[in-house]
Each structure stands twice: as structure tokens, then as C-alpha cells.
Amino acid sequence: VLFRSKSLALVEPGSAFNAIYVVKFARPWLDPAKYSIGFSLEYAPVGGGSSSTVAASAAVQITPRPVCLSLIAIAGGVLGAVVKAYLDAEGQTTIGIWHLIQKESICISAIMAFIFFNSFEYTAIGKSFNMPLGWRGALTLGALCGLAQARIVKALVGLAGPSQ
């Protein structure tokens, strides 16, 4: 309860009363948090009469910390690049696989995961998903960037044209 006074404002007939409330929520680390805000308004005519009550509520979803999700997307990009190298290795030993993993592909995968994840929610594809922004989405998008890194680079080179 914010106000305990007898009346908050006197509203003349035909006029309106507005109040703005600033509510601060804690931003979660990994998963979105959902809160519900409720308001109840009681009004009565001046000089007596029966009072009436009106109630309303709104749901608010607070997204996780962007830095944390960006780091998870980058880690997903690195893991995707490692999985891609393992799939390409076919029957080689673990030591041989680590030699196949190129530092460039890991760096490119991490950078692409960072860029794609941070711009994903503003694209038509991102808006079409009815999934809240959280660590699972960041990890999935990052891993897909790592797995498809070579194809994405080829598409970008084709789009930008060959270097001079």
C-alpha cells in the first residue's frame, strides 16, 4: 500500500487524474522473470454516497542480464565449432581432433554468436518465436553459429563480394 490518506486527489466532473509509478525490478542472471503488478482504485462522490472500486493488473517480463547471455552465446559458438571439428574428424583420435580445431574458426564462431544473438530479437525470425530470451536460447543460437560457421562465412563473402 503506497498511500494511506483519506483521499489521494479530488477529481472534478469531466476531468481526469493520472499518477505515474516507477517500479524497479531485479534483473535475473540466466532466465527471464515474470512479475504481476496490481492496482486497486476506490472512488466516491464528494459529500458522501457509496464508493466504487476498480482493479487492474499487468504482467511484466524482465529479461536476464545481456552481458551474461552474450557470454553464454559466445561459449555456445566455441562449443559448436568444437563439435563441428569432431564431426569432420571421423575416426581420428582425440589428440588429432584438437589439431583440427583451428583458432580462427573458434574466434569467428564466437564473434558470429555474439553478433547474431544480440541482433536476433530484432529480426523477423526472432520475433516469430514465442520463446522468452534466456540462457537456453543463447546457448542454442551460439552452438548453431559454431556448427554452421563455414557456411555463414561463405554466405557473407558471397554477399560482400571478393576482397580486392
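Refer to the structure presented above.
Residues numbered from 1 in each chain as written. Predicted model: local features only at pLDDT ≥ 70, side-chain atom pairs only at ≥ 80, totals over all residues. Heavy atoms only, no water.

(A) View of the overall build of the protein chain. Counting its secondary structure elements, the protein chain contains six helices and two strands. Each helix (α) and strand (β) of the protein chain, taken in turn from the N terminus, gives the series β-β-α-α-α-α-α-α. Taking the intrachain contacts of the protein chain between residues at least 6 apart in sequence as the baseline, contacts between residues at least 24 apart amount to 64%. Surface accessibility of the protein chain: about 12600 Å² in total, with carbon and sulfur atoms responsible for 63%. (Helix = DSSP H or I, 4+ residues; strand = E, 2+ residues; numbered from the N terminus. Contact = heavy atoms within 4.5 Å. Areas by Shrake-Rupley, 256 points an atom, 1.4 Å probe, with all protein chains shown as cover.)

(B) Structural context of the side chain of Gln149. Mapped onto the elements, Gln149 comes out in helix H6 (residues 149-160). Filtering out sequence-adjacent residues up to four positions away, Gln149 remains in contact with Ser105, Ile108, Ser109 and Met112.

(C) Quick peek at the packing of helix H1 (residues 66-89) against helix H5 (residues 135-147). Put simply, H1 and H5 touch, their axes get as near as 6 Å, and they point 35° apart. Every pair of crossing elements has a handedness; the one defined by H1 and H5 is right-handed. Packed against H1, whose contacting residues are Leu69, Ile72, Ala73, Gly76, Gly77, Gly80, Ala81, Val83 and Lys84, the element H5 presents Trp135, Ala138, Leu139, Gly142, Ala143, Gly146 and Leu147 at the interface. (Axes fitted to C-alpha atoms, helices over the stretch in contact; angles between N-to-C directions. Left-handed = near helix turned anticlockwise from the far one by under 90°.)

(D) Layout of the nonpolar core. In terms of nonpolar packing, the biggest core is built from seven residues, these being Cys68, Leu69, Ile72, Ala73, Phe117, Ala138 and Leu141. When residues of this core are traced back to their parent elements, those giving at least two are H1 and H5. The element contributing the most residues to this core is H1, with four residues. Residues in contact with Cys68, not counting those within four places in the same chain, are Trp29 and Leu30. (Core = buried A, V, L, I, M, F, W, Y, C linked by side-chain atoms within 4.5 Å. Buried < 20%, exposed > 50% of the residue type's maximum accessible area, 1.4 Å probe, protein only.)

(E) Layout of H5. Relative to the 18 Å expected for 13 residues at 1.5 Å per residue, H5 spans 18 Å between its end C-alpha atoms, a close match to the ideal helical length. Of all the residues in H5, the buried ones are Ala138, Leu141, Gly142, Cys145 and Gly146. For H5, the buried positions fall inside an angular range of 140° around the axis, keeping them on one side. Among the structural elements, H1, helix H3 (103-120) and H6 are those in contact with the buried residues of H5. (Expected span 1.5 Å × (residues − 1). Arc of directions from axis to C-beta.)

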